[in-house]
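Residues per chain, in single letters:
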Amino acid sequence: MASKLRPVMPVDLFMAAIEGNNNLLIPRLELQHEEPTDQIQVTIEATHSSPQQINTELQSATGFGDTVLHLLVTYGHNVLALKVFQRDRSLLNAQNKISETPLHCAAKVGNWEFMRNLIELYSVIAEDAIKEIDKNGDTPFHVAAKHGHVHVIRKLMEWDPKIAHRVNNEMLCPLYIAIMKNYTRMVKEMLEVDPTLAYIPFSDGMFPVHLAACMGNIELVIHFIKQYPNCAKLLDPRGRNLFHIAAEKNQAKFFTNLFEDTNMGRMIKQMNNATDNEGNASLHIAAMKGHESIMKAIWKKRMCIDAEKIRNNEGLTPFELSTRQLKTNEYIAEEIEWHVAVKGPRFTQGWFDDVMNPESINNTWEITQVLELGSVLITTVTFAAAFTIPGGYNQNNGTPVLGKKYMFRAFILANTFAFMQGFANLLALLWRTGAKFGSRIRFATISFMLATSSMVVAFGLGMYVTLTPICYPIAVLILVITLITGSPVGILCSLLFGPKILRSIHSSLEPKRRWGYFDIVLFTILFLLIFCLALLA
């Protein structure tokens, strides 16, 4: 019902309604106490206002369309509000610009006292007024639910339980609104008054327990399961239970916290392994969505022993779904191949730590760019250092002045090693065919670390041969600092990344040509010996 055009409310009347000014409102509007009857009998005493003026001011409204009754119930002046209603009952159905009646305003601020007086004195009128809707199709009951007024919800349901079943223009009932806003206490109060609400589906086919799981409200889900056990087996139109829905919405805390309740362990395991209309268990759904935290939570709690082996209607296990979802990244695809070759097609701790690590997936290209830039700088600096050698050249024959010095030879060797490692790093990153991208990233990482450490050592050696004739203690100090800084970096990165490179090479070979772990260890040791000898030569 659209709000009708009303006279503009005088400013003094507006202020009196907000402040609850009895001295102005009672004589101005000819308010008096009346016993509730079917027909209103009004006795107008001698005043300065004519009956026509009184009716005009009663029907007046603000620019927003609020009448005196709207304002009185909003600011809690309930005695005056009841007298205004008794003076003109039509004001109870008056609507402002957004189709709100005074009862909507009372529900918005949680003014139960006015509602109670209206229900107790005029129950028939109240029953019709409580069904009025605003522009959103909300009844006052919906409005109270949206604003979290639990006491209003409880009292109204005790008066009329059927009021909780009405839906607004968006087909939302008050219980749906309360769950969406995580008003846990309100939901519990509504279910206590009418337990059947727990088993009535919403317009989208979900049940209240499903929506609570979707919102990640663990307390409410546990309340549903414990107080209304049968609701745990309710399914939405796709055949999904609350575990399927929580997995789809990535509610990781739901799985972590709910699994801790050992009293529900058997039921939780059964529900977690149940399949929907497409044959998917909750682990399947989490794998399809790439929700690593949920997959890890289910796997750690050992509630997926059966679900890990279940094949959906496409014939895929959760692990196979996870690999299909991850293989879009070339770097991760290689990790998957290695994991399957060594551990088999199953989830392990290494799967979640190495393969599904979000940082390794998201930062691959950023790391590549940093490595490329760093390699260019290293090759540029070392190339320049090869021709602007410490001590300069002999003007007679063009040979290095310090060419016969042992430390100068060590400088040349370290600088050359840094240049070659930087150049190899660039080749690995820019080469788009042949070796797999994951192997190239690992190789480039190690090459960059080795090139960096070699360049630091070359810097120290160069400073040593240059400063020795003029300040021997400073030269020695710089050499020691650079050797301590540079050499351990190269050795450490070899120990950390060397086996991973060899492992990748190993996984990419044909089965008949794959090396054993003993060969990998020997190759790694040989790699470290060559590096150390190069620095000490």
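The rules we used
Each chain has its residues counted from 1, following the order in which its sequence is written. For a predicted model such as this one, the threshold for reporting local features is a pLDDT of at least 70, and the threshold for listing and counting side-chain atom pairs is 80 or more; totals across whole chains, interfaces and linings nevertheless cover every residue. With hydrogens and water stripped out, all remaining heavy atoms of the structure feed into the side-chain values. Any two rings among Phe, Tyr and Trp, with Trp reduced to its six-membered ring, count as a pair given centres within 6.5 Å; such a pair is stacked if its planes are under 30 degrees apart, edge-to-face if over 60, and tilted if neither. Each helix is a run of H or I in the DSSP string that is no shorter than four residues. Each strand is a run of E no shorter than two, and both are numbered from the N terminus. Exposure categories follow from relative accessible area, calculated using a 1.4 Å probe and restricted to protein chains: below 20% of the type maximum is buried, above 50% is exposed, and the middle band is partly exposed. The salt bridge criterion pairs a side-chain nitrogen of Lys or Arg with a carboxyl oxygen of Asp or Glu, the two atoms within 4 Å.

Peer 1: I tried to follow the packing of aromatic side chains on my own but got confused; where do I start?
Peer 2: Two aromatic rings are characterised by how far apart their centres lie and by the angle between their planes. A complete count under the given rule lists nine aromatic pairs for this structure. Seen from their ring centres, Tyr199 and Tyr228 are 6.4 Å apart, and the 90° between their planes marks the pair as edge-to-face. On the criterion of sequence distance, the pair formed by Tyr199 in the loop between α12 (184–193) and α13 (208–214) and Tyr228 in the loop between α14 (218–227) and α15 (242–248) is long-range, its members being 29 residues apart. By relative accessible area, Tyr228 is classed as buried at 11%. Between Phe419 and Phe423, the ring centres sit 6.5 Å apart and the planes meet at 10°, which makes this aromatic pair stacked. Here Phe419 and its partner Phe423 are both found in helix α25 (residues 406–430), four residues apart, which amounts to about one turn of the helix. Of the residues examined, Phe419 reaches a relative accessible area of 25% and is grouped as partly exposed. For Phe423, a relative accessible area of 40% corresponds to the partly exposed category. Counting every residue linked through ring pairs, the aromatic cluster contains Phe383, Phe387, Phe419 and Phe423.

Peer 1: Would you mind showing me how to read the pattern of salt bridges here?
Peer 2: Side chains that carry opposite charge are capable of pairing whenever their charged atoms lie near each other. A full pass over the atoms with the stated rule returns 14 salt bridges. The closest approach of N and O atoms between Lys108 and Glu100, which form a salt bridge, is 2.8 Å. Overall, the relative accessible area of 31% leaves Lys108 in the partly exposed class. For Glu100, a relative accessible area of 6% puts it in the buried group. With a closest N to O distance of 2.5 Å, Lys146 and Asp138 form a salt bridge. Taking relative accessible area as the criterion, Lys146 reaches 27% and is therefore assigned partly exposed. Under the relative-accessibility criterion, Asp138 is labelled buried at 2%.

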